[in-house]
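Analysis of the macromolecular model
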Amino acid sequence: MLKQLFGRGQKPPAISKSGEPNPFVQLYRQGKVWAAEHKEEGRRVVISHGKVKLVGYYYSQGKDKTVVFVHGFGSSYLERLANAQLYYDRGFNILTVICRGHGESGGKYRTMGYKDSEDVVCWANYLARKEKQKQIILDGVSMGGAAVTAASGNSNLPKEVRGIVSDCAFSSIEEIIRFHLKKSLPFVPAFVILPLLDFVSQKKYGISLKHNSPIEQVKHATVPMLFIHGVDDTFVPYEMGRTLNLYCASKSSLASVKGAGHGEACLADPDGYADAIGTFLDEVLE
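Residues numbered from 1 in each chain as written. Predicted model: local features only at pLDDT ≥ 70, side-chain atom pairs only at ≥ 80, totals over all residues. Heavy atoms only, no water.

As for the overall build of the protein chain
Looking only at helices and strands, the protein chain has twelve helices and eight strands in total. Taken over C-alpha atoms, the radius of gyration comes to 18 Å for the protein chain, in line with the 19 Å a tight globule of 286 residues would show. Across the 286 residues in the protein chain, those meeting the buried criterion constitute 57%. Of the contacts formed within the protein chain by residues at least 6 apart in sequence, a portion of 76% connects residues at least 24 apart. When the accessible area of the protein chain is evaluated, it comes to approximately 13100 Å², of which 53% is carbon and sulfur surface. The centroid of the 35 positive side-chain charges in the protein chain is displaced by 9 Å from the centroid of its 29 negative side-chain charges. (Helix = DSSP H or I, 4+ residues; strand = E, 2+ residues; numbered from the N terminus. Rg over C-alpha atoms; globule rule 2.2 N^0.38 Å. Buried < 20%, exposed > 50% of the residue type's maximum accessible area, 1.4 Å probe, protein only. Contact = heavy atoms within 4.5 Å. Areas by Shrake-Rupley, 256 points an atom, 1.4 Å probe, with all protein chains shown as cover. Lys, Arg positive; Asp, Glu negative; His and termini not counted. Charge placed at Lys NZ, Arg CZ, Asp CG, Glu CD.)

Here is the structure:
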């Protein structure tokens, strides 16, 4: 299980285990089209966090506000560009980043948002200091949603970050493992397996299943947050989104999308999704 969680990422299959089209692949195809249409505006950006190289693609309109897109577990940065036009039409530059352990970025392992949240803070500081951006929005989905949620409580988050959009984030690595263990091994007590998994995870990957979690960090959030979660999400349960919103220390709201599974909110209700983000941006930006 840990190898599946923390091994380097691969592109998701076009068809999910349920036999339905994988929504992340649909978004990947849409994002690839958007990237091709805006190729002339884009450039590859490389920063480092510690000894890890982090790669992103920056599409600039010459403005002083940028959205940072953070992708999900085992996914591609191109998926996030499927929603780029929502921000682009409002004058935002677009930075879509590649999480560590994925694609062109370095890092031997994926970290399920654990270290990615600190990487997100590094990207935000890069934008504020090097690109002179005055207004920054963080927008993550799934594992990326967990990363931006955990970043909300980071004391190094620059003041230029004005808001965070977190779509279908899990509350902690421990809780998402507990949830799936209950589904796959219902007769094995989680309290027997989780301590062992946590020990091995810390020993081999340097990752705690409990610490630096979204639910822990959101209690110290300092910027407004919009949580989005599909009511029919069976991979990261809707209750996790409700819990994150409940414990958020800053001003926050939860957009519940009926009929949406994991990562499907923007597909199940594109107009409602766009309205929720638009309303949020109107509230948090000057």
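A look at the nonpolar core
Ranked by internal contacts, the top residues of the largest apolar core, which has 52 residues, are Leu 138 and Phe 170. If near-sequence neighbours (up to four positions away) are discounted, Phe 170 is found in contact with Met 112, Met 143, Ala 146, Ile 176, Pro 214, Val 236, Met 240 and Leu 244. The next biggest cluster of nonpolar side chains, apart from the first, holds 34 residues, and it includes Leu 27, Tyr 59, Leu 78 and Ala 265. (Core = buried A, V, L, I, M, F, W, Y, C linked by side-chain atoms within 4.5 Å.)

Some words on the pattern of salt bridges
Scanning all chains against the criterion turns up nine salt bridges. The shortest N-O distance in the salt bridge between Lys 159 and Glu 160 comes to 3.0 Å. On the basis of relative accessible area, Glu 160 is assigned to the buried category, the value being 16%. The salt bridge involving Arg 178 is made with Glu 174; its shortest N-O contact spans 3.9 Å. Of the two residues, Arg 178 and Glu 174 are both situated in helix α7 (residues 173–184); the distance of four residues between them amounts to about one turn of the helix. (Salt bridge = Lys/Arg side-chain N within 4 Å of Asp/Glu carboxyl O.)

Overview of unusual backbone geometry
Although it is not a glycine, Lys 132 sits at a positive phi angle of roughly 55 degrees. Considering the arrangement of structural elements, one finds Lys 132 in the loop between α5 (116–129) and β5 (135–141). For Lys 132, a relative accessible area of 57% corresponds to the exposed category. In this model, Ser 142 sits at a positive phi of 60 degrees, which is unusual for a non-glycine residue. For Ser 142, the location among the structural elements is in the loop between β5 and α6 (143–151).

Quick word on helix α12 (residues 270–284)
In this model α12 runs 21 Å from its N-terminal to its C-terminal C-alpha over 15 residues, within 8% of the 21 Å that 1.5 Å per residue would give. The set of residues buried in α12 consists of Tyr 273, Ala 276, Ile 277, Gly 278, Phe 280, Leu 281 and Val 284. (Expected span 1.5 Å × (residues − 1).)

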